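These are the residues of each chain, in order.
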Amino acid sequence: MNILFLAHTSLREGSSIALANLVKGLTALGHQVYVITNNDKGPLSGMVESAGGSMFYGPVSLTVFPRTGRFLGKIMRLFRNLCRWRKAKRLVGRIIDQYHIDLVHSNVGPMNLALSECQKRGIPHVWHLREYQDLDIGIVFFPYKGKFRKLIHQQGNYNIAITEGVFNHFSLRPDVDKVIYDGVFSEAKTKESYVQEKEDYFLFVGRVQEAKCPHFMLKPFAEFLKKYPTYRLIIAGPYLATDKYYRALKKTITASHIEKSVVFLGNRNDVYELMQKAKALIVPSRFEGFGFITAEAMMNNCLVIGRDTAGTKEQFDIGLRMTGQEIGIRFNDEKELLQGLFTAVETDTSLMLQFAREVVVSKYTLEKSAAETDVFYRQCMANHYKA
């Protein structure tokens, strides 16, 4: 089968890593995979090509309203985006025709650049819903939210939701659409050894932005330091020193007198090692679509202290159903987060770590995700041409 993916970014984000893992799994199953993304400067190109896929570049982006700037600036930016989206759709159509594409797969939800081109040619389109949109990343689909819901339910479109929560949020069709959890790591990776010794720090992994809520950790951590002053809070993820949110974080850190205990590392290539040595990973996001880092941490024998919402909650709930035990420490407010920090330090969590690793290794490998996606594609093709 010839499969074309659309990716809105070439940066190393959760959706990009999941895509590269899926490409690797699908090519191993004998499919020819092509990917269109916005530029060749990000690491996605190398990840896809090393996984056996082929790359194209064009004006691919999210089809959402501009989120920043003044009113007139937003209008001008929207006009430019409309022109870009039209060009992107034409590019998609040309690649479908030239490379005899059998199925097109849009890698994220808020990106409507392929469905109409597939409908013109009578081939199926798969929409990968990785986010709640307005609840987690605060975006508004163009031209309006209700339009997106209509599009994903159209004939000829088939949806993959990354969690049951996302599936239910968009009222997807049980007889047409499917929940497929992301492939986070390979089966080979799960057999590698990992660091056993823990160091005195808590870890946050992700972009330093409001949606990921790193600010939520600061007050509980400052209170925790009164009893355990040697601990550090390590923040591993990209940030801009000029960003308003980052400056506000630094101001809060200084006002709390914890600047010597909070370390911003920026983007890192050794996240797995950081997880293995951390006392725990903190996941404070308001609404994590799936929680890529949660599964990665558990695979790396790292305790997860996570907000009991959305994808993080679903991973915890799956673990509880499978093992009868909690596989992470849940919190809903700052008081519960503080208690979670104390629990991580003062109790034996080895059994929780063991159960957590067993759960994620059985559920979130790229081989399992690719196999389920392959079956789903074949069902889409059969249903599409039967209709």
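Residues numbered from 1 in each chain as written. Predicted model: local features only at pLDDT ≥ 70, side-chain atom pairs only at ≥ 80, totals over all residues. Heavy atoms only, no water.

J.: Outline unusual backbone geometry, listing residues and values.
T.: In this structure, the amide linkage connecting Phe142 to the following residue, Pro143, adopts the cis form with an omega of 5°. Tracing the backbone through its elements, the reader meets Pro143 in the loop between strand S5 (125-129) and helix H5 (145-152). One non-glycine residue with positive phi stands out, namely His257, at about 60°. Along the chain, His257 turns up in the loop between helix H9 (244-255) and strand S10 (262-266). Positive phi outside glycine occurs at Ala310, with the angle close to 50°. Following the sequence through the fold, Ala310 ends up in helix H12 (residues 310-323). (Helix = DSSP H or I, 4+ residues; strand = E, 2+ residues; numbered from the N terminus.)

J.: Could you give an account of helix H1 (residues 14-28), with specific residues and numbers?
T.: A rise of 1.5 Å per residue sets the reference length of H1, with its 15 residues, at 21 Å; its end C-alpha atoms lie 21 Å apart and thus fit the reference within 8%. Residues of H1 that are buried: Ser15, Ser16, Ile17, Ala18, Leu19, Ala20, Asn21, Leu22, Val23, Gly25 and Leu26. Turning to H1, the residues buried within the fold contact strand S1 (2-6), strand S2 (32-37), helix H2 (44-50), strand S4 (103-106), helix H11 (292-299) and helix H15 (366-386). Following H1 by one or two positions, Gly30 has its phi on the positive side, about 100°. (Expected span 1.5 Å × (residues − 1). Buried < 20%, exposed > 50% of the residue type's maximum accessible area, 1.4 Å probe, protein only. Contact = heavy atoms within 4.5 Å.)

J.: How would you sum up the pairing of S1? Please name residues and give values.
T.: A regular strand places its side chains so that they alternate between the two faces of the sheet. Along S1, four of the five residues are buried, which leaves the element largely enclosed by surrounding structure. Strand direction decides the pairing type here: S1 and S2, joined by five bridges, are parallel. Within S2, the residue paired with Leu6 across the bridge is Ile36. For the crossover that starts at S1, traverses H1 and ends in the parallel S2, the hand is right-handed. Here S1 runs beside S4; their pairing, made up of four bridges, is parallel. Each residue of the ladder has a partner; that of Ile3, found in S4, is Leu103. (Pairing = 2+ DSSP bridges. Right-handed = clockwise from strand over helix to strand, strands pointing away.)

J.: Tell me about the nonpolar core, and name the residues and values.
T.: Core analysis: the largest hydrophobic core is formed by 49 residues, its most contacted members being Leu129, Leu203, Val205, Met275, Leu281, Phe290 and Tyr364. One finds Phe202, Leu303, Leu338 and Ala344 within the second-largest nonpolar core, a separate group that totals 35 residues. (Core = buried A, V, L, I, M, F, W, Y, C linked by side-chain atoms within 4.5 Å.)

J.: I'd like to hear about the sheet that holds strand S7 (residues 178-179), residue by residue, with values.
T.: Pairing is parallel across the open sheet formed by seven strands, whose spatial order is S3-S2-S1-S4-S5-S6-S7. Each edge of the open sheet is held by one strand with a lone partner, namely strand S3 (54-57) and S7. Looking at chain direction, S2 and S3 are connected through four bridges and run parallel. Its bridge partner lying in S3, Tyr34 is registered against Ser54. Against the sheet, helix H3 (residues 71-98) makes contact with S1, S2, S3 and S4, and its axis sits at roughly 165° relative to S1, the strand it touches most. (Axes fitted to C-alpha atoms, helices over the stretch in contact; angles between N-to-C directions.)

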